[in-house]
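Here's the letter readout for the chains.
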Amino acid sequence: MPAGDNPILIAGAGIAGLTTALAFSNRGYDVQIFERSYQFEEFGAGIQISPNASRILLRLGVLDRLMSVAAEPGSVRLVDARSDKQLGAMPLGSWAQMRWKAPYLVVHRADLHTVLLDAVQEKNNVTIDLGAAATNFTSIDGSPALVANNIPSRPGMLAVAADGVWSNLRASVRQEHSSRYSGSIAWRTLIGADMAQRVLGETSFGCVTTYLSPSLHLVAYPVRGGRLVNLVAVMKSDEIARRWMIEADVLVLQTALENAGLGAIADVATDWTAWPLHEVDWKDVWSVSDGLAMVGDAAHAMTPFAAQGAAMAIEDADELARCVDSSSDDIPAALQRYEHKRKPRVRRVVARGRFNHFTWHASGPVATVRNLVLRARSGANLMRDFDWLYGHDPDPDNSL
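Keep in mind that this is a model prediction, so the values were computed, not measured.

Conventions and cut-offs
Residues numbered from 1 in each chain as written. Predicted model: local features only at pLDDT ≥ 70, side-chain atom pairs only at ≥ 80, totals over all residues. Heavy atoms only, no water. Helix = DSSP H or I, 4+ residues; strand = E, 2+ residues; numbered from the N terminus. Polar contact = N/O pair within 3.5 Å; in protein donor to acceptor, adjacent residues only side chain to side chain. Contact = heavy atoms within 4.5 Å. Pairing = 2+ DSSP bridges. Axes fitted to C-alpha atoms, helices over the stretch in contact; angles between N-to-C directions. Core = buried A, V, L, I, M, F, W, Y, C linked by side-chain atoms within 4.5 Å. Buried < 20%, exposed > 50% of the residue type's maximum accessible area, 1.4 Å probe, protein only. Salt bridge = Lys/Arg side-chain N within 4 Å of Asp/Glu carboxyl O.

Caption draft 1: Seen up close, the side chain of threonine 20. Looking at the secondary structure, you find threonine 20 in helix α1 (residues 15-25). From its side chain, threonine 20 meets the backbone oxygen of alanine 16 in a polar contact 2.7 Å long. What threonine 20 contacts, discounting residues up to four positions off in sequence, is Ile10, Val160, Val295 and Ala317.

Caption draft 2: Main features of the sheet that holds strand β11 (residues 158-161). Spatial ordering of the open sheet is given by β7-β2-β1-β11-β18-β17, a layout of six strands whose pairing is mixed. At either end of the open sheet lies a strand with only one pairing partner, and these are β7 (126-130) and β17 (287-288). Pairing of strand β1 (residues 8-11) with strand β2 (residues 31-35), which is carried by four bridges, proceeds in the parallel orientation. Looking at the pairing, isoleucine 8 lines up with valine 31 of β2.

Caption draft 3: Looking closely at the sheet that holds strand β13 (residues 208-212). Pairing is mixed across the open sheet formed by seven strands, whose spatial order is β5-β4-β13-β14-β15-β12-β16. Edge strands, defined here as strands with exactly one partner in the open sheet, are β5 (86-91) and β16 (273-279). The mean angle between the axes of side-by-side strands here comes to 20°, regardless of whether they run parallel or antiparallel. Both strand β4 (residues 75-80) and β5 contribute to a ladder of five bridges, which runs antiparallel. Of the residues in β5, the one forming a bridge with serine 75 is proline 91. Lying over the sheet, helix α11 (residues 331-360) contacts β4, β12 (180-192), β13, β14 (216-223) and β16, oriented at roughly 50° with respect to β13. Each of β4, β5 and β13 is contacted by helix α12 (residues 364-376), which is oriented at about 40° to β5, the strand it contacts most.

Caption draft 4: Fine view of the nonpolar core. If you look at the biggest cluster of nonpolar residues, it comprises 93 residues, and the most contacted ones within it are Ile49 and Leu320. With nine residues, the top contributor of residues to this core is helix α10 (residues 309-326). Not counting residues up to four positions away in its chain, the partners in contact with leucine 320 are Phe24, Leu158, Val160, Ala293, Val295, Leu335 and Tyr338. Core analysis: the second largest hydrophobic core is formed by 26 residues, Tyr181, Ile191, Ala220 and Leu253 among them.

Caption draft 5: Seen up close, the pattern of salt bridges. Overall, the coordinates contain 12 salt bridges when judged by the stated rule. Its salt-bridge partner being arginine 59, residue aspartate 393 comes within 2.8 Å of it at the nearest N-O pair. Residue aspartate 393 is found in the segment after α14 (387-390), and its partner arginine 59 is found in helix α2 (residues 51-59); the two are separated by 334 residues along the sequence. Looking at aspartate 393, the relative accessible area reads 22%, which means it is partly exposed. Between glutamate 279 and arginine 180 there is a salt bridge, with its nearest N and O atoms 2.1 Å apart. Separated by 99 residues along the polypeptide, glutamate 279 in strand β16 and arginine 180 in strand β12 bring together distant segments of the chain. Assessed through its relative accessible area of 13%, glutamate 279 is described here as buried. Using a relative accessible area of 45% as the deciding quantity, one classes arginine 180 as partly exposed. Via salt bridges that share partners, Glu315, Asp316, Arg342 and Arg345 belong to a single interconnected network.

Laid out in C-alpha cells, this is it:
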C-alpha cells in the first residue's frame, strides 16, 4: 500500500531515477528525488530504445511524447567497414511493432531525459531537490534515509540508488564498490542528416548501421527526429580518466577510422568527445535489507555493445516498483525478489554484449566465418534471435 508518510527516496534524476519515480508515482507512492546538479543541462548523445523498454514507457504514459522527438529506424544493419558491403540486416519499423508489439526507437539522450522529466514534474506526488548530492545511506528509527549535502532526509519506505556508474551509494551496498574500466573508449559526435547521407549513402540513412572492423566499430543512426545522425566509434584504449565525456587526442580516432576504411567519416565529423567505458559487476548484490536498492548503471553498468544500457535501467525501474508494490509490508522480501527476477536477464544481456564485441572486432578466419553466417541468415531469422530480448514483457496480461 502506498504510504504518503514514507516516500520512495531516489538518488539521481537521470533516466534510471526519473523512470523509477514514474513507476512508483503511477502506483500512488510519494517520491522524493535528490539530484546533485543545480540545473538540468543537455548531456550525452544517442540512445537506442528497443521494444522491451518502449513498452514500459508506453505503460508509464510517456511513449507518445517520446515518439514526437525520436526516430524509428527501418532496420539494423551490419556492414563491413572496408568494403561497405552489407553482411546482414534485421527489419525494424512496422516489422518490430508487429512482432514485438512495441516500437524500436533511437533518440538523443537529452530528449528522452526531457520527456521523462516533464512527466515527473507534472506529478503532484513527486518532488525534486536540485543541488542535493546523496552521498550516504542511513536509517532513522528503523526506516531508510539518504544523506544529501551532509543532511539526513526524512525517513522513507525505500531508498533507491539511481546515481549511475560513479555511484556514491554503491559503497553502502557492496564492499567492492568501484567500477572497472572495460578497456574500450567510445567516441561520440553528431553530424547533420544531409552530410550523413552523403558519406554513409542512401542505404544506411534512416537505419541503425554498425560498421565492423578489427580495430574499431562505428554505429550510426538518426536522432532529433531524423535531423541529425549520431555517430559512436568504439575502440580499445588505455584508461585516460574515471569520468564521462573527456577531451582526448582526436587524431588517434581519425587515424583508426582511416585505417578501417572509414576515412570519409573522419574527413567530415568533428567535435568528437571521448567516453571511457566502465562496467559494474552485475553478479554482486544490488540491495540491502535495510531498504536500499540499486537500479541501472549503479547496479550493473555495461558496455554498449548490446545497446541495452538505458533499456535495462528502464526495466529495473519497472520491476523494482512492481516487486515493492506487491509486498510493501515486507521490503526485504521485495528486494530479494527484485534481484532474483532481474539478475538472470542482465546476465544474458551482458553476455550478448560481449559476444557482439568479439564478433564485431573479429579478423582473419573468424571474420570470414562471421560474414558467411550473417549472409546466410534472413531478416526473419535474425528477428527470431532477438525475441528473448525485445519481446520481454514482465506483465503480459496488462493490455497495451
